[in-house]
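# Examination of the molecular architecture
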Amino acid sequence: MSKKTRSYVEFLYILPFLILAAFMFYYPLYGWVYAFHDYMPPKPISSETFVGLKWFQFIVSNPVRLADVGRVLVNTFAMSGISLAFSWFPMIFAVFLNEIRCKPYRKFVQTVTTLPNFISWVLVFSVAFNVLSSTGAVNTVLTSLGVIDKPIAFLSSKEHVWFRMWLWLTWKNAGWAAIMYLAAISAIDEQMIEAAKVDGATRMQIIWRITIPCLLPTYFVIVMLNLANFLSNGMEQYYVFMNNFNKKSIEVLDLYVYNIATSGRGNYPLSTAISMLKSIVSVALLFVTNTVSRLVRGEGFV
Amino acid sequence: MTTRTAARPVKHRNPMDRQGLGDKVISVITYIVYAFFAFVCAYPFYYIIINSISANNLSERGKVLFWPMEMHFKNYTRLASIPGLLDAAKISVLRTVIGMALTVLIAAFLGYMFTRETMWKRKLWFRFVAVTMYFNAGIIPWVLCMRNLGLNNNFWGYILPMVIQPFYIILCKTYCESVPRELQEAAEIDGAGTLKVFFRIMLPVIKPILATIAIFAAVNQWNAFQDNLLLMPNRRDLDTLQYKLWQYITQANSLKALVSNTTNSNAIMAGMATAATATAIRMSVTVVVVLPVMMIYPFFQRYFTKGIMIGAVKG
């Protein structure tokens with residue numbers, strides 16, 4: 001087999017997978033055409049259903065819809081904003097976890113706090129439901145301690161929805177996110193810390209002057225990734241926690257587009273139009289954050 | 001005349017171990033705070049497990065907090081008789097096994113092929129796959145397109161969209177690049193072709209990274225819920241365990257029907273400890289869904305750091 005033939009044969013080996021990738025990742029972009037049609041399934045789109053930018057104009061021209069989009073954007077920004085504001089939490093979690101000298105205890109804490117990362121949002125909701133329901137552990141304990149008279153409806157309350165969603169997100173992810181920092185901590189030069197100890201540095205001084213500065217580059221990347229994903233909270237968490245009481249403040253963009261398409265008669269074109277705008281803004285955000293990262297650190301993360 | 005007191009023996013202390021009062025206080029606080037974190041993460045699971053094996057009339061009223069009371073396993077033996085639950089379990093297991101196997105194989109093969117410098121336009125194809133990590137069309141356009149491809153109401157809708165994972169492919173590529181080139185060259189001199197080198201030489205060598213990928217892919221498949229919700233509107237026989245559990249929690253009616261089917265209401269009135277209740281079903285199904293993840297968890301813990309660290313190396 002000549003070298004040339006071989007290079008084509010090798011390409012042919014991966015061709016089926018490239019085609020699969022094209023269908024699974026690139027073809028859905030074609031789905032954006034639905035935003036330019038009056039699409040009502042099961043009737044397929046055709047030149048007759050083409051309506052141009054009607055649905056994009058509809059977002060801004062319809063005051064009710066505009067207010068809705070505004071509310072959803074506020075929710076999205078609030079949830080992402082809270083996550084961003086507390087994005088240091090896994091780092092601090094890792095720093096102080098590393099301070100625990102008793103190794104079995106440290107291992108135990110790490111194991112237990114990482115577990116929630118590996119269960120689905122449905123299971124998280126099930127856990128929440130079972131523990132927080134009117135006869136769940138939390139209400140039972142609070143009632144018997146006399147802190148409250150009657151059970152609190154934690155999951156159906158519309159108070160502090162943004163913050164509670166952050167709490168669940170942190171419950172699920174913080175332990176896992178800390179692992180990356182723990183790895184970074186173990187990479188810190190031991191001699192630096194020894195030298196500081198000889199000079200009489202206290203543990204807080206070592207943490208503040210050595211550990212945390214060494215973790216900042218990692219933290220910076222995490223912040224940039226957070227910013228790049230600012231509009232993409234995903235829908236699963238919010239979907240499983242959504243109910244009639246908290247719907248107004250829990251709907252983030254990803255959930256909103258799903259709700260528009262599935263509730264009532266289902267408005268696929270409008271949903272697609274909003275999805276499309278979101279995707280474009282997200283890619284732009286990725287470019288911006290990557291550029292910032294390249295300027296600051298000398299390398300991007302893409 | 002002053003008598004000098006004999007020099008007291010100085011207790012030798014390693015300056016490394018010196019802890020000031022402030023340091024000790026921090027230690028104590030740290031231990032307590034992390035005990036709290038561990039409790040918050042572990043207790044909910046413990047709570048659900050002990051409730052699922054306690055007397056149902058007690059768990060119904062939130063009486064079981066610390067240890068199982070009037071232990072029984074009727075809730076679990078009863079699960080088999082809940083219509084549709086066994087089928088859902090089959091679907092979940094099937095998609096996990098098939099999905100994991102295909103994901104790992106494709107990641108290994110593409111990861112290896114993308115290191116073949118002889119391949120036509122290798123870099124272009126690698127970028128073609130890798131760049132898909134950074135954009136997506138949005139769920140509704142995606143659903144509409146999957147419909148066009150006939151993947152809705154079809155078991156393969158669980159598998160095909162998830163088998164090509166650019167991230168895993170990059171992991172494999174990086175790993176393959178770290179394998180000494182001589183290994184492949186030796187085989188090639190002996191006349192082995194591209195595929196033979198892959199199956200005979202590379203696949204066994206890159207096993208460690210494949211183990212990591214296999215576990216993550218399996219957990220992803222097992223936990224998947226959205227594709228069930230979005231792609232399978234008319235095929236209740238394709239429901240997964242995750243979806244069933246979600247239905248049991250949110251649609252009280254579906255559970256009520258189950259409860260009255262599987263037991264008679266007199267039993268509940270009599271406060272029978274083993275009569276089916278909505279709470280009992282919910283909790284035992286939760287345990288069944290969470291257990292596989294918990295079982296493999298200790299085994300794959302050692303892959304965590306590896307998985308994350310290699311991911312930090314760019315492709």
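It should be emphasised that the depicted structure is a prediction, and the values quoted were computed from it without experimental measurement.

## Re the overall build of chain B
Regarding its fold elements, chain B presents 17 helices and 0 strands. Taking all 315 residues of chain B together, the buried fraction comes to 50%. The long-range share in chain B, meaning contacts at least 24 apart out of those at least 6 apart in sequence, stands at 70%. Counting every atom, chain B has about 15700 Å² of accessible surface; 65% of that belongs to carbon and sulfur.

## Remarks on the interface of chain A and chain B
Taken together, the contact between chain A and chain B spans 91 residues of the former and 90 residues of the latter. Interface area for chain A against chain B, summed over the two sides, is near 8300 Å², with a carbon-plus-sulfur share of 74%. Of all residues in chain A, the largest losses of buried area upon contact with chain B belong to A:Met24, A:Phe25 and A:Phe118, amounting jointly to 8% of the total for that side. At the surface where chain A touches chain B, the tally comes to 1 salt bridge. The interface formed by chain A and chain B includes 29 residue pairs in polar contact (both at pLDDT 80 or more). Sort the elements by how many residues they give to the side of chain A that touches chain B and helix α1 (residues 3-30) of chain A lands first, with 20 residues. Its residues placed into classes, the side of chain A that touches chain B shows 63 nonpolar, 19 polar and 9 charged.

## Quick word on the side chain of B:Thr103
Residue and element names in this part refer to chain B. Within the secondary structure layout, Thr103 lies in helix α4 (residues 85-113). On the accessibility criterion, Thr103 (3% relative accessible area) is buried. Other than its neighbours up to four places away in sequence, Thr103 contacts Met162, Val163, Gln165, Tyr168 and Ala217.

## What about the nonpolar core?
Counting residues in each nonpolar core, the largest one holds 171 residues, and the members touching the most others are A:Ile14 and A:Phe241. Mapped onto the domain boundaries, this core takes at least three residues apiece from domain 1 (21-72) and domain 2 (83-250) of chain B. Setting aside chain neighbours within four positions, we find A:Ile14 in contact with B:Phe109, B:Leu110, B:Met113, B:Phe114, B:Met119 and B:Trp125.

## Let's talk about the layout of surface pockets
The space that makes up the second largest pocket amounts to roughly 860 Å³. At the level of elements, α4 (89-99), α6 (121-132), α7 (137-144) and α8 (161-186) of chain A together with α1 (21-52) of chain B are the ones that each hand at least two residues to the lining of the second largest pocket. For the lining of the second largest pocket, the leading source of residues is α8(A), giving 8 residues. Among the residues forming the lining of the second largest pocket, the class breakdown is 24 nonpolar, 3 polar and 1 charged.

## Here's the deal with α1(A)
Count 3.6 residues to each turn of an α-helix, and residues three or four apart come out pointing the same way. Of all bends in α1(A), the biggest is about 40°, found at A:Ile14, and the proline A:Pro16 comes one to four residues later. Among the residues of α1(A), those classed as buried are A:Ser7, A:Glu10, A:Phe11, A:Ile14, A:Leu18, A:Leu20, A:Ala21, A:Met24, A:Phe25, A:Tyr27 and A:Pro28. Lining the buried residues of α1(A) we find α4, α5 (122-130), α6 (139-148), α7 (156-163), α8 (166-178) and α10 (194-205) of chain B.

## Focus on helix α13 (residues 253-262) of chain A
Residues and elements named next belong to chain A. In terms of burial, α13 is a largely internal element, 9 of the 10 residues being buried. Among all positions in α13, only Leu253, Asp254, Leu255, Tyr256, Val257, Tyr258, Asn259, Ile260 and Ala261 are buried. Just downstream of α13, Gly264 is the residue with a positive phi angle, here 60°.

## A few points about a nonpolar patch on the surface
Together, A:Val288, A:Val292, A:Leu295 and A:Val296 line one region of the surface with nonpolar side chains, adding up to about 380 Å² of accessible area. Under the relative-accessibility criterion, A:Val296 is labelled exposed at 56%.

## Re the pattern of salt bridges
In this structure the tally under the stated criterion is 17 salt bridges over all chains. The shortest N-O distance in the salt bridge between A:Glu10 and A:Arg6 comes to 3.8 Å. Residue A:Glu10 and its partner A:Arg6 are located together in helix α1, separated by 4 residues, close to a single helical turn. Judged by relative accessible area, which is 0%, A:Glu10 ranks as buried. Taking the shortest distance from any N to any O, the salt bridge between B:Lys244 and B:Asp239 comes out at 3.7 Å.

## Let's talk about unusual backbone geometry
Comment: phi is negative for the bulk of residues other than glycine, and the bulk of peptide bonds are trans. Residues and elements named next belong to chain B. You will see that Glu70, though not glycine, has its phi angle at about 50°, which is positive. Here Glu70 is to be found in the loop between α2 (56-60) and α3 (74-79). For Lys121, which is not a glycine, the phi torsion comes out positive at approximately 55°. Secondary-structure assignment places Lys121 in the loop between α4 and α5.

## Thoughts on the confidence of the model for chain B
Residue and element names in this part refer to chain B. Mean pLDDT over chain B: 84, with 84% of residues reaching 70 or higher. Scored below 50 in pLDDT, residues 311-315 shows 10 contacts in the model against residues more than four places distant or in partner chains. As a predicted assembly, this complex carries a pTM of 0.88 together with an ipTM value of 0.88.

## Remarks on the state of the cysteines
Inspection of the entire model under this criterion finds 0 disulfides over all chains. For A:Cys102, which is in no disulfide, the shortest distance to another cysteine sulfur is to B:Cys41 and amounts to 19 Å. Given a relative accessible area of 34%, A:Cys102 falls into the partly exposed group.

## A few points about empty space enclosed by the protein
Counted under the stated rule, the structure contains 2 cavities of 30 Å³ or more. In this structure, the largest cavity encloses a volume near 40 Å³. If you go around the largest cavity, the residues you meet are A:Leu155, A:Ser157, A:Val161, A:Arg164, A:Met165, A:Trp168, A:Phe241 and A:Asn246. Ranked by residue count, the leading element in the lining of the largest cavity is α8(A), at 4 residues. Along the lines of polarity and charge, the residues of the lining of the largest cavity split into 5 nonpolar, 2 polar and 1 charged. Here the second largest cavity defines a volume of roughly 30 Å³. Taken together, B:Thr103, B:Met162, B:Gln165, B:Tyr168, B:Ala217, B:Asn220 and B:Gln221 form the lining of the second largest cavity. Looking at the lining of the second largest cavity, the element that brings in the most residues is helix α11 (residues 207-223) of chain B, giving 3 residues.

Parameters at a glance
Sequence order as written defines the numbering, with residues in each chain counted from 1. Note on labels: chains are lettered from A, ligands numbered from 1, in written order. Only residues with pLDDT of 70 or above have their local features reported here, since the model is predicted, and side-chain atom pairs are shown and tallied only from 80 upward, although totals for entire chains, interfaces and linings are computed over all residues. The basis for every side-chain value is the complete set of non-hydrogen atoms in the structure, without hydrogens or water. Secondary structure elements are defined from DSSP: runs of H or I of at least 4 residues count as helices, runs of E of at least 2 residues count as strands, and each element is numbered from the N terminus. The cut-offs for exposure are 20% and 50% of the maximum accessible area for each residue type, with area from a 1.4 Å probe on protein chains only; residues under the lower value are buried, those over the upper are exposed, and the others partly exposed. Should any heavy atoms of two residues lie within 4.5 Å, those residues are considered in contact. Computed with a 1.4 Å probe, the accessible areas rest on the Shrake-Rupley method; for each residue, only the protein chains presented here act as cover. Here's the idea: put two parts together, see how much 1.4 Å probe accessible area each one loses, and the total over both is what we call buried area. By definition, a salt bridge exists where a carboxyl oxygen of Asp or Glu is found within 4 Å of a side-chain nitrogen of Lys or Arg. Here a polar contact means two N or O atoms within 3.5 Å. Within protein one must be a hydrogen donor candidate and the other an acceptor candidate, and residues neighboring in sequence count only if both atoms are side-chain atoms. Classification convention: Asp, Glu, Lys, Arg as charged; Ala, Val, Leu, Ile, Met, Phe, Trp, Tyr, Cys, Pro as nonpolar; all other residues, Gly among them, as polar. Among the buried residues, those of types Ala, Val, Leu, Ile, Met, Phe, Trp, Tyr and Cys that are joined through side-chain atoms within 4.5 Å form a nonpolar core. What counts as a domain boundary in this text is fixed by an automatic or database domain assignment. Detection works on a 1 Å grid of protein atoms alone, calling trapped sets that fit a 1.4 Å probe cavities and calling open sets with protein on both sides within 12 Å along at least five of seven lines pockets, with lining residues defined by an atom within 4 Å of a point. Grid points are joined across faces, edges and corners, and a volume is the space filled by probe spheres set on the points. One axis fitted to the seven residues ending at a residue, another fitted to the seven starting there: the angle between these axes is the bend at that residue. A patch is a set of surface residues, each over 30% in relative accessible area and not in a salt bridge, joined within 9 Å for like charges and within 5 Å for the nonpolar side chains Val, Leu, Ile, Met, Phe, Trp and Tyr. In predicted models, pLDDT denotes the confidence assigned by the predictor to each residue on a 0 to 100 scale. For the purposes of this analysis, a disulfide is any pair of cysteine sulfur atoms at a distance within 2.5 Å.

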